[in-house]
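# Descriptive analysis of the structure
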Amino acid sequence: MSLGIPNAPRGAGHLRGAEPFPVAARAALANTQLRRNLGKATATIRAKRAAVVAELPDWEELRAAGEAIKQHTLAHLDRYLEQLEREVTARGGTVHWARDSYEAGRLVTGLIRETGATEAVKVKSIVTDEIGLNEALAQAGITAHETDLAELIVQLGHDRPSHILVPAIHRNRAEIREIFLREMAGVDPGLTDTPTALTEAARRYLRRRFLSARVGISGANFAIAETGTLCVVESEGNGRMCLTLPETLITVMGIEKLIPSWRDLEVFLQLLPRSSTGERMNPYTSMWTGVTPGDGPQRFHLILLDNGRTAALADPVGRQALHCIRCSACLNVCPVYERVGGHAYGSVYPGPIGAVLSPQLTGVEDNASLPYASSLCGACYDACPVRIDIPSLLVHLRARHVEEAADDRRLPSAEAVMMAAASWVMASPARYAAAQRTSRVGRVLGRRGRLRRLPPPLSAWTTARDAPVPPAQTFREWWVHEHEGQA
Ligand code: SF4
């Protein structure tokens, strides 16, 4: 399909200077405070989600409907994007197209400069993190103020988000209090770490910015093609302030956030809050269509971002990742995420969805370790409200990585040599039986039924986990003894 974006380059979802996952995960695992914070937070969200999902007898039908809508939309994305552009323009908005993060950053910077403003207030938006918007604006002398409480904590702490929904999930109340005392201008020096005191401090700090901002910046949870309506869902009301108070509103939206009609929105507004915050309905659902004279922003710009999405769309298996509605349910059930947190993924999109989306946005080679950051337990698939088969995607991306790495190499890798040797052994019953007999040497090295250290290259396995010692009798020997021996 053509989106009118020839040779669209891939995205920039990998964080500059980030370590590969195995290195970063090892460091994260040593941080017991981080693990405590994550374990507590994810267990709480999991329990809330399970309770509200159990209330709906047609939850599985809703999931299937969400999946079908996303499949249909992506199959006709070019048509629906053009319809969206027409409808937004007809209602007084301006639509821009950005191939990558550079183009999107340049567009937003230029639009803010046109207003003469040097500050903007922001609704929580992962896509603006993906394109590094705050950094691009800072280089142009424009300050972007995060207004979501968790994003504000991350920004004031000079930190990075570690969760899609709860960006400061790795911080506890005492740490947040310290950040506020250190970084928040005008904060009460007697600030305590109760939730009420912390939110009150943030409210006072942000109120001044809301009232003086001339430009608001947002992402979008959904865009409805039939009327050109944009939709943002949130819990704090800060988004509503950013979307209504400034004179100019700039929305940056990944092209996959589109849905055809209002009927489709009904499905997602049931799936999303239950899966993300464990609520029946999110507290604030803001929708706007173009510009309304005398009401809200009088200039509205919509930037439609590719940044690797058409490359993902070109992969018939991988494109499923574009169905994601960023609810974060897969993060909260993932045993790997719960232990290492979001920073270890080195990507704007952490957890299971990050492991399948980021390598496709950047090209597999730039996030090569992420498809391996999973035990393939399948909990993410069960939790996903739009039924993205993340385990199968992970396996698919691992295969792509192996194939692309093989194409780039002149000599076969150690893994390829071992696989070829295993294939040769397993192709012959006699060779396989001989290999099994030889493996019994391992019984001498084992202790209490486990092998804790093997020589290279097998040490790559035993440095992180142990292995059972080979049994005294192989299955074949047992079979001969039990069946053929008695015949
Ligand atoms: S992959 Fe599914 S569960 Fe994970 S964030 Fe996206 S929609 Fe939610």
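Everything that follows concerns the structure shown earlier in this document.
Predicted, not measured: the structure shown is a model, and the values here were computed from it.

## Some points on the nonpolar core
Grouped together as the largest cluster of nonpolar side chains are 104 residues, with contacts concentrated most on F21, F180, M184, L302 and Y345. Looking at this core element by element, the count peaks at seven residues for helix α10 (residues 195-212).

## A closer look at the sheet that holds strand β5 (residues 222-224)
Here we have four strands laid out as an open sheet, ordered β8-β5-β6-β9, and mixed in their pairing. Strand pairing shows two members of the sheet lacking a second neighbour, β8 (258-259) and β9 (284-289), which therefore form its edges. Strand direction decides the pairing type here: β5 and strand β6 (residues 229-234), joined by three bridges, are antiparallel. Paired with F222 across the strands is C231, a residue of β6.

## As for the state of the cysteines
By definition, a disulfide links two cysteine residues through a covalent bond between their sulfur atoms. One pass over the full model with this rule turns up zero disulfides. With no disulfide of its own, C242 lies closest to C231 among cysteine sulfurs, the gap being 15 Å.

## Focus: the environment of A174
Mapped onto the elements of the fold, A174 is located in helix α9 (residues 173-183). For A174, a relative accessible area of 37% translates into the label partly exposed.

## Topic: the packing of aromatic side chains
In this structure the tally under the stated criterion is seven aromatic pairs. With 5.0 Å between their ring centres and 55 degrees between their planes, F21 and Y345 make a pair best called tilted. Remark: Y345 occurs in the loop between α15 (335-340) and α16 (351-362) and F21 occurs in helix α1 (residues 21-29); sequence separation between them is 324 residues. When sorted by exposure, F21 lands in the same class as Y345, which is buried. Aromatic pair F475 and W479: ring centres 6.0 Å apart, planes at 40 degrees, arrangement tilted.

## As for the packing of α16 against helix α18 (residues 390-408)
To describe two helices that pack against each other, one gives the angle between their axes and the distance between the axes. Two elements in contact, α16 and α18, have axes separated by 10 Å at closest approach and are oriented at 40 degrees. For the element pair α16 / α18, the angle class is oblique. For α16 against α18, the interelement crossing comes out left-handed. From α16, P352, I353, A355, V356 and Q360 reach across to α18, where they touch I390, L393, L394, L397 and R400.

## A closer look at the pattern of salt bridges
The tally for this structure, following the rule as stated, stands at 21 salt bridges. The salt bridge partner of R99 is E103, with a shortest N-O separation of 3.2 Å. Put simply, E200 and R204 hold a salt bridge, and the shortest N to O gap is 3.0 Å. Within this pair, E200 and its partner R204 are both found in helix α10, separated by four residues, close to a single helical turn.

## Let's talk about the sheet that holds strand β10 (residues 299-305)
Taken together, six strands build an open sheet; the order of strands is β1-β10-β7-β4-β2-β3 and the sheet is parallel. Every interior strand has two partners, whereas the edge strands, β1 (94-98) and β3 (143-146), have only one. In this sheet, adjacent strand axes meet at a mean angle of 25 degrees when their direction is disregarded.

## Considerations on the environment of E266
Following the sequence through the fold, E266 ends up in helix α12 (residues 262-276). The exposure class assigned to E266 is partly exposed, which follows from its relative accessible area of 44%. Separated by 102 residues in sequence, E266 and A368 place their C-alpha atoms 37 Å apart.

## So, α1
Here α1 has its buried residues at F21, A24, A25 and A28. Around the axis of α1, the buried residues are gathered within 100 degrees of arc, so they sit on the same side. Residues P22, R26 and A27 are exposed on α1 and point more than 90 degrees away from its buried face. Taken together, the buried residues of α1 touch α2 (32-54) and α15.

## What to know about the side chain of S369
One can find S369 in the loop between α16 and α17 (379-383). Separated by 3.0 Å, the side chain of S369 and the backbone nitrogen of F21 make a polar contact. Among residues more than four places away in sequence, those in contact with S369 are P20, F21 and P22.

## Things to note about a nonpolar patch on the surface
Taken together, the side chains of F475, W478 and W479 present a nonpolar region at the surface, about 340 Å² in accessible area. Residue placement: W479 occurs in helix α23 (residues 475-484).

## Considering a negative patch on the surface
Taken together, the side chains of E365, D366, E403, D407 and D408 present a region of like negative charge at the surface. As for its position among the elements, E403 is in helix α18.

## Comments concerning the environment of S375
Among the structural elements, S375 can be located in the loop between α16 and α17. S375 sits 41 residues away from C334 along the chain, and the two C-alpha atoms are 9.0 Å apart. Every residue in contact with S375, bar those within four places of it in the chain, is listed here: P335 and V336.

## Focus on the pairing of strand β2 (residues 119-122)
By the bridge criterion, four bridges tie β2 to β3 in an arrangement that is parallel. From the neighbouring strand, E119 faces β3, where its bridge partner is T143. Relative to strand β4 (residues 215-218), β2 is paired through two bridges, and the arrangement is parallel. Bridge pairing links V121 to G216 in β4.

Thresholds applied
Residues numbered from 1 in each chain as written. Predicted model: local features only at pLDDT ≥ 70, side-chain atom pairs only at ≥ 80, totals over all residues. Heavy atoms only, no water. Core = buried A, V, L, I, M, F, W, Y, C linked by side-chain atoms within 4.5 Å. Buried < 20%, exposed > 50% of the residue type's maximum accessible area, 1.4 Å probe, protein only. Helix = DSSP H or I, 4+ residues; strand = E, 2+ residues; numbered from the N terminus. Pairing = 2+ DSSP bridges. Disulfide = S-S within 2.5 Å. Phe/Tyr/Trp six-rings, centres within 6.5 Å; stacked < 30°, edge-to-face > 60°. Axes fitted to C-alpha atoms, helices over the stretch in contact; angles between N-to-C directions. Parallel < 35°, antiparallel > 145°, perpendicular 65-115°, else oblique. Left-handed = near helix turned anticlockwise from the far one by under 90°. Contact = heavy atoms within 4.5 Å. Salt bridge = Lys/Arg side-chain N within 4 Å of Asp/Glu carboxyl O. Arc of directions from axis to C-beta. Polar contact = N/O pair within 3.5 Å; in protein donor to acceptor, adjacent residues only side chain to side chain. Patch = residues over 30% accessible without salt bridge, like charges linked within 9 Å, V, L, I, M, F, W, Y side chains within 5 Å. Areas by Shrake-Rupley, 256 points an atom, 1.4 Å probe, with all protein chains shown as cover. Lys, Arg positive; Asp, Glu negative; His and termini not counted. Charge placed at Lys NZ, Arg CZ, Asp CG, Glu CD.

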